[in-house]
Amino acid sequence: MKATVHVFLKPGVLDVQGKAVENALHGLGWPGVREVRVGRVIEFVIDAADPAAAKSEAAAMCERLLANPVIEGYRVDVAP
Amino acid sequence: MKAAVIVFPGSNCDRDCKVAIERSTGASVAMVWHGETALPDGLDLIVLPGGFAYGDYLRAGAMAALSPVMAPVRAAATRGVAVAGICNGFQVLCEAGMLPGALLRNADLKYVCKAVTLEVTNPKTRFTAAYGDRREAVMTVGNGEGNFFADDETLDRLEGEDRVVFRYRDNPNGSARSIAGIVGGAGNVLGVMPHPDRAFEDDLGRTGGAPLFQSVLGGA
């Protein structure tokens, strides 16, 4: 199964990269862009009995390593 | 007195720390590779140095926090041995859960490398006692992810328990409440973003880091 993990800074944490990108987009002529967040995508293949199991394994990996729960949130998608 | 400096792949201030400790305190310093599973006996101080351990892959300090050597470092900290994480070492200690909070990208997105004046906020810790009546110390920072972050509750607790040991007079990176250094554990685990190892003798232009090492290891 293929897992895709999205890691983003939590809403309360100022995303300075996102802010810089947002300002740049405004400068390029997209003034309506708001709330830009820059995150990270991590993909991997995992052996698991079913998607739910893969998802819960990936969530455990996020808690241990892939995300820093102090500052980051995550979302896991699993495809067969 | 005896100290150890942990050497991660990508550490670049490990030698600086060794020389800084030797010259400012006279202590002997062992260099310990990150793959070791035991530390030398009788250590009074363990330093996690600055640099870019594991290339800062994933997040600064994230991979180093999982190094084999961190198990005995953690055990030593639990026994009360002084542990100091400097710059990248501070990031490692946060990632290892040995200190609260995290270090974010600098608020202006720039790597900042310059001398900074610090307020010695708590002069009564194991890392600051030798500052005595001096409530200021000048060291240098060199960081791109030195922006200390913790939630308000954690920050209130750090301040309430007198665990903030250094504050920037002029915040160079957006750190919450201008925090430059904190202690955790039983007051024996220090995280500090500026480099005492770059400010320990006159030839370096500033000496504000020497008392930090002298506080833990004695010497003058």
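Per chain, residue numbering runs from 1 following the sequence as it is written. The lettering of chains begins at A and the numbering of ligands begins at 1, in the order of writing. For this predicted model, a pLDDT threshold of at least 70 governs which residues receive local features, and a threshold of 80 or more governs which side-chain atom pairs are given and counted, while totals over whole chains, interfaces and linings are taken from all residues.

### Comments concerning the overall build of chain A
- Secondary structure assignment for chain A yields 2 helices and 3 strands.
- For the purposes of this entry, the term helix denotes a DSSP run of H or I that reaches at least four residues, the term strand denotes a run of E that reaches at least two, and both are numbered from the N terminus. Ordered by position in the sequence, the α and β elements of chain A form the string β-α-β-α-β.
- The globule rule used here is 2.2 Å times the number of residues to the 0.38 power, and the radius of gyration it is set against is calculated over C-alpha atoms. Relative to the 2.2 N^0.38 estimate, which gives 12 Å for 80 residues, the radius of gyration of chain A is 16 Å and therefore markedly larger than a compact globule would have.
- The principal-axis extents of the C-alpha atoms in chain A amount to approximately 50 × 25 × 15 Å.
- We call two residues in contact when their backbone-placed C-beta atoms lie within 7 Å. Counting only contacts in chain A whose residues sit at least 6 apart along the sequence, the fraction spanning at least 24 positions is 67%.

### Let's talk about the environment of leucine 9 of chain A
All names here are of chain A.
- Summarising the element assignment, leucine 9 is placed in strand E1 (residues 2-9).
- Distance in space between the C-alpha atoms of leucine 9 and arginine 40 is 9.5 Å, their sequence separation being 31 residues.
- Ignoring anything within four residues of it in the chain, the contact list for leucine 9 reads Asp15, Arg37, Ile71 and Glu72.

### Remarks on the sheet that holds strand E2 (residues 40-45) of chain A
Residue and element names in this part refer to chain A.
- Spatially, E2-E1-E3 is the arrangement adopted by the 3 strands of the open sheet, whose pairing is antiparallel. Only two strands of the sheet have a single partner each, and these edge strands are E2 and strand E3 (72-79). Across the sheet, the mean angle from the axis of one strand to that of its neighbour is 20°, orientation sign disregarded.
- Relative to E3, E1 is paired through 8 bridges, and the arrangement is antiparallel. Bridge pairing in E3 links valine 5 to valine 76.
- In the packing of helix H2 (residues 51-66) onto the sheet, the strands contacted are E1, E2 and E3, and the crossing angle to E3 comes to about 155°. A pair of strands is treated as paired once DSSP finds two or more bridges between them. An axis is simply a line fitted to the C-alpha atoms; with a helix, the fit covers only the stretch in contact. Between two such axes, the angle follows the N-to-C directions and lies from 0 to 180 degrees.

### Side note on the sheet that holds strand E1 (residues 2-7) of chain B
Residue and element names in this part refer to chain B.
- Within the open sheet, the 9 strands sit side by side as E2-E1-E3-E4-E11-E10-E9-E6-E7. Their pairing is mixed. Either end of the sheet is taken by a strand with one partner, and the two such strands are strand E2 (28-33) and strand E7 (136-143). Looking at each pair of strands side by side, their axes are set apart by 25° on average, direction ignored.
- Both E1 and E2 contribute to a ladder of 6 bridges, which runs parallel. Following the sheet pairing, lysine 2 is matched in E2 by serine 28.
- With respect to the sheet, helix H2 (residues 70-79) is in contact with E1, strand E3 (45-48), strand E4 (82-86) and strand E11 (189-192), its orientation differing from that of E4 by roughly 125°.

### Focus on the interface of chain A and chain B
- Listed per partner, the contact involves 8 residues of chain A and 10 residues of chain B.
- Looking at the side of chain A that touches chain B, the element that brings in the most residues is helix H1 (residues 16-27) of chain A, giving 3 residues.
- Throughout this entry, Asp, Glu, Lys and Arg are counted as charged residues, while Ala, Val, Leu, Ile, Met, Phe, Trp, Tyr, Cys and Pro are counted as nonpolar. The remaining residues, Gly among them, count as polar. Looking at the side of chain A that touches chain B residue by residue, the class counts come to 6 nonpolar, 2 polar and no charged.

### Observations concerning the packing of helix H1 (residues 14-25) of chain B against helix H5 (residues 210-217) of chain B
Residue and element names in this part refer to chain B.
- The N-to-C vectors of H1 and H5 enclose an angle of 70°; their axes lie 9 Å apart at closest approach. Taken together, the axes of H1 and H5 lie roughly perpendicular to each other. Judged by the twist between their axes, the crossing of H1 over H5 is right-handed. Residues Ala20, Ile21, Ser24 and Thr25 of H1 touch H5, and the partners they reach there are Ala210, Phe213, Gln214 and Leu217.
- Here the contact of H1 with H5 is built from residues that sort into 5 nonpolar, 3 polar and no charged. These descriptions rest on fixed angle ranges, namely under 35 degrees for roughly parallel, over 145 for roughly antiparallel, 65 to 115 for roughly perpendicular, and the rest for oblique. Crossings are classed by handedness, with left-handed meaning an anticlockwise turn of the near helix from the far one by less than a right angle and right-handed meaning a clockwise turn.

### Observations regarding the nonpolar core
- In terms of nonpolar packing, the biggest core is built from 78 residues, with Ile6 and Val47 of chain B touching the most fellow members.
- With residues up to four places along the chain from it excluded, the contact list for isoleucine 6 of chain B reads Val32, His34, Ile46, Val47, Leu48, Val69 and Val73 of chain B.
- Here, a nonpolar core means buried Ala, Val, Leu, Ile, Met, Phe, Trp, Tyr and Cys residues linked by C-beta atoms lying within 7 Å of one another. Residues are called buried when their C-beta atom has 20 or more other C-beta atoms within 10 Å, exposed when it has 12 or fewer, and partly exposed otherwise; all C-beta atoms are positioned from the backbone. Core analysis: the second largest hydrophobic core is formed by 9 residues, Ala58, Cys62, Leu66 and Tyr74 of chain A among them.

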